[in-house]
Amino acid sequence: MATTKKFNTTVRIGTKTYAPGEDVPLSKNGLSEADADNLEQVFGKWRKPADATADKRVAALTEERDALADRVEALTKERDVLVAKTDGGKPVADLKAGIAALKVELKEVTEDRDQLAEDNATLADELKKLQAVAEDGDDEEGKT
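Heads up: these notes are all about the structure in this document.

Glancing now at the overall build of the chain. A tally of regular secondary structure across the chain gives 3 helices and 4 strands. Ordering the α and β elements of the chain from the N terminus gives β-β-β-β-α-α-α. Expressed as a percentage of its 144 residues, the buried residues of the chain come to 8%. Long-range contacts, defined as pairs at least 24 residues apart, comprise 33% of the intrachain contacts of the chain with a sequence gap of at least 6. Counting every atom, the chain has about 12200 Å² of accessible surface; 56% of that belongs to carbon and sulfur.

Quick look at the structure:
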């Protein structure tokens, strides 16, 4: 027979009070076996308190989960902003096709510009020749 027992409730024997989890003496001057069995039936058998490290781990995991949920929410908002900026949210493949078409058009326009620059230079040379001939003709007319 155990000489002490622990209970899930506060036990008062005479002037002495025992808090939950404290050893309560079982004897003729303390608590009887019948009273101890009655307390266990009413309040349940003593179980030591939950492991504090498990509680800390659960709290840490809960905080981490909440932080990750906040991060997911922030990234979702950032993604939505970026999608809104991409030409009305068109898929990337459509955007790449548009870029390729614009590059082809740019190449054609660049070739046209270069050809026009050559033609302009040729016309400028021809204009100078004509102006030189015209000035020579003016000089000859003035001498006669």
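From this point, things continue past the structure.
What follows deals with the nonpolar core. If you look at the biggest cluster of nonpolar residues, it comprises 9 residues: Phe 7, Val 11, Ile 13, Tyr 18, Val 24, Leu 26, Leu 31, Ala 36 and Leu 39. Where this core is concerned, the elements lending two or more residues are β2 (11–13) and α1 (33–43).

A few words now on a negative patch on the surface. A cluster of acidic residues, Glu 105, Glu 108, Glu 111 and Asp 112, forms a negative patch on the protein surface. Here Asp 112 is to be found in helix α3 (residues 92–143).

Time to look at α1. Along α1, the residues classified as buried are Ala 36, Leu 39 and Glu 40. What you see down the axis of α1 is that its buried residues fit within an arc of 100°, all on one side. Facing away from the buried surface of α1 by more than 90 degrees, the exposed residues are Ala 34, Gln 41 and Val 42. Contacts from the buried residues of α1 go to β1 (4–5) and β2. Looking one or two residues past α1, Gly 44 carries a phi angle of roughly 85°, positive in sign.

Its place among the elements puts Glu 40 in helix α1. The contacts of Glu 40, once residues within four sequence positions are left out, are Lys 5, Phe 7 and Lys 45.

Conventions used here
Residues numbered from 1 in each chain as written. Predicted model: local features only at pLDDT ≥ 70, side-chain atom pairs only at ≥ 80, totals over all residues. Heavy atoms only, no water. Helix = DSSP H or I, 4+ residues; strand = E, 2+ residues; numbered from the N terminus. Buried < 20%, exposed > 50% of the residue type's maximum accessible area, 1.4 Å probe, protein only. Contact = heavy atoms within 4.5 Å. Areas by Shrake-Rupley, 256 points an atom, 1.4 Å probe, with all protein chains shown as cover. Core = buried A, V, L, I, M, F, W, Y, C linked by side-chain atoms within 4.5 Å. Patch = residues over 30% accessible without salt bridge, like charges linked within 9 Å, V, L, I, M, F, W, Y side chains within 5 Å. Salt bridge = Lys/Arg side-chain N within 4 Å of Asp/Glu carboxyl O. Lys, Arg positive; Asp, Glu negative; His and termini not counted. Charge placed at Lys NZ, Arg CZ, Asp CG, Glu CD. Arc of directions from axis to C-beta.

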